[in-house]
Amino acid sequence: MKHFSLKYTLLTYRLDQLWFPITFWMLFVIVILIISDPSQSLDMSLAYLGTAVPLIGGVMAAYAILDDQALELRFATPIRAAQIIIERTLMIFFIQAICAFSFYIFAKSINVDFSSIGTFIDLHLAWVIPTITLIALGTFGSIAGAQTMIGAFFVGIVWIIQIIIRDGMAINNWKYFYIFMGITNPEHPDLHANQLALLGLSLIFFLFSWILLHRQERYI
């Protein structure tokens, strides 16, 4: 089975990983509809797009591969490790992209002004890059630790630390690995370098995940 088994991925995709992002989407929509202050609506919209979407993607990625109940049978088929990673992580990114774009359309429909973040591309890069980064981290963490909880823990601890010390992350040598710079510091002179560094870090995480997944006996 050399081709991408999209049918298998869809049939075995856990519904809780679908309800999880939908629940967060609905929660933020309800909160924004309740509040009437435009500035608060903007803050909540940016909080969802720039921080909640990446967090959800990272946590989902931690459970995407090793939580497959038929993983042992999957390993028994002539399927490449890279294919398993790509299938599962692309599905998660696709779901998060639908949530993010639909939320953006909702926010624009109630006149939320995103001009402070920059252009349309700048706004969406501000959630795309962090989401890819945390998906890569969640994937690597679960595979490296051979447990889904470890991947989720890595994602959660990195997310919390960067949220707490966001001001410090933006001004020192860690600025290149500040995941939320696109949302919190959209005018930072090193934003593009930061985004390139995060993409490079994501590739490294995926590369090590691919290498580790070849040792299939660790996961069955």
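Residues numbered from 1 in each chain as written. Predicted model: local features only at pLDDT ≥ 70, side-chain atom pairs only at ≥ 80, totals over all residues. Heavy atoms only, no water.

## Considerations on the overall build of the protein chain
Helices and strands together make up the secondary structure of the protein chain, namely 10 helices and zero strands. Element order for the protein chain, N to C, with α for helix and β for strand: α-α-α-α-α-α-α-α-α-α. Among the 220 residues that make up the protein chain, the fraction classed as buried is 46%. Excluding contacts between residues fewer than 6 apart, the proportion of contacts in the protein chain whose partners are at least 24 apart in sequence is 71%. Total accessible area on the protein chain stands at roughly 11,300 Å², and carbon and sulfur atoms take up 71% of it. (Helix = DSSP H or I, 4+ residues; strand = E, 2+ residues; numbered from the N terminus. Buried < 20%, exposed > 50% of the residue type's maximum accessible area, 1.4 Å probe, protein only. Contact = heavy atoms within 4.5 Å. Areas by Shrake-Rupley, 256 points an atom, 1.4 Å probe, with all protein chains shown as cover.)

## Considerations on the pattern of salt bridges
Summed over the entire model, instances satisfying the criterion amount to one salt bridge. A salt bridge links K175 to D190; the nearest nitrogen and oxygen atoms lie 2.7 Å apart. With K175 in the loop between α8 (166-169) and α9 (181-184) and D190 in the loop between α9 and α10 (191-213), this residue pair connects regions lying 15 residues apart in the sequence. Since its relative accessible area comes to 17%, K175 is described here as buried. (Salt bridge = Lys/Arg side-chain N within 4 Å of Asp/Glu carboxyl O.)

## Details of unusual backbone geometry
Even without being glycine, N111 reaches a positive phi, approximately 70°. Along the chain, N111 turns up in the loop between α5 (81-109) and α6 (120-145). You will see that A146, though not glycine, has its phi angle at about 60°, which is positive.

## Describing the confidence of the model for the protein chain
With 85% of its residues at a pLDDT of at least 70, the protein chain reaches an overall mean of 87. Mean pLDDT per element in the protein chain: helix α1 (residues 6-12) is the minimum at 59, and α6 is the maximum at 96. (pLDDT = per-residue confidence, 0-100.)

## Topic: the nonpolar core
The tendency in soluble globular proteins is for nonpolar side chains to be buried side by side. Core analysis: the biggest nonpolar cluster contains 26 residues, and L46, Y48, L49, F103, F114, L123 and W127 have the highest contact counts within it. Elements represented by at least two residues in this core include exactly α2 (16-34), α3 (38-64), α5 and α6. The residues touching F103, leaving out its near neighbours within four places in the chain, are W25, F28, V29, I32, S45, Y48 and L49. In terms of nonpolar packing, the next biggest core, distinct from the first, is built from 16 residues, M169, F180, M181 and F205 among them. (Core = buried A, V, L, I, M, F, W, Y, C linked by side-chain atoms within 4.5 Å.)

## A few points about α5
Relative to the 42 Å expected for 29 residues at 1.5 Å per residue, α5 spans 42 Å between its end C-alpha atoms, a close match to the ideal helical length. N111 occupies a position one or two residues after α5 and carries a positive phi of about 70°. (Expected span 1.5 Å × (residues − 1).)

## A few points about a nonpolar patch on the surface
Together, F153, F154, I157, I160, I161, I164 and I165 give the surface a local cluster of nonpolar side chains, amounting to about 630 Å² of exposed area. Relative to the helices and strands, I157 resides in helix α7 (residues 148-164). Take I157: its relative accessible area is 33%, and that puts it in the partly exposed class. (Patch = residues over 30% accessible without salt bridge, like charges linked within 9 Å, V, L, I, M, F, W, Y side chains within 5 Å.)

## What about the side chain of T139?
Tracing the chain through its elements places T139 in helix α6. Among residues more than four places away in sequence, those in contact with T139 are A61, I65, I85, T89, F206 and S209.

## Considerations on α6
Look at α6: 38 Å from first C-alpha to last across 26 residues, which is about the 38 Å you get at 1.5 Å a residue. Residue A146 follows α6 closely and has a positive phi angle near 60°.

## Comments concerning the packing of aromatic side chains
Tallied over the entire structure, the rule returns 12 aromatic pairs. Seen in terms of ring centroids, Y104 and F114 are 5.6 Å apart; in terms of plane orientation they differ by 35°. Their pairing is tilted. With Y104 in helix α5 and F114 in the loop between α5 and α6, the pair connects residues that are 10 residues apart, well separated along the chain. Considered together, Y104 and F114 belong to a single accessibility category, that of buried residues. (Phe/Tyr/Trp six-rings, centres within 6.5 Å; stacked < 30°, edge-to-face > 60°.)

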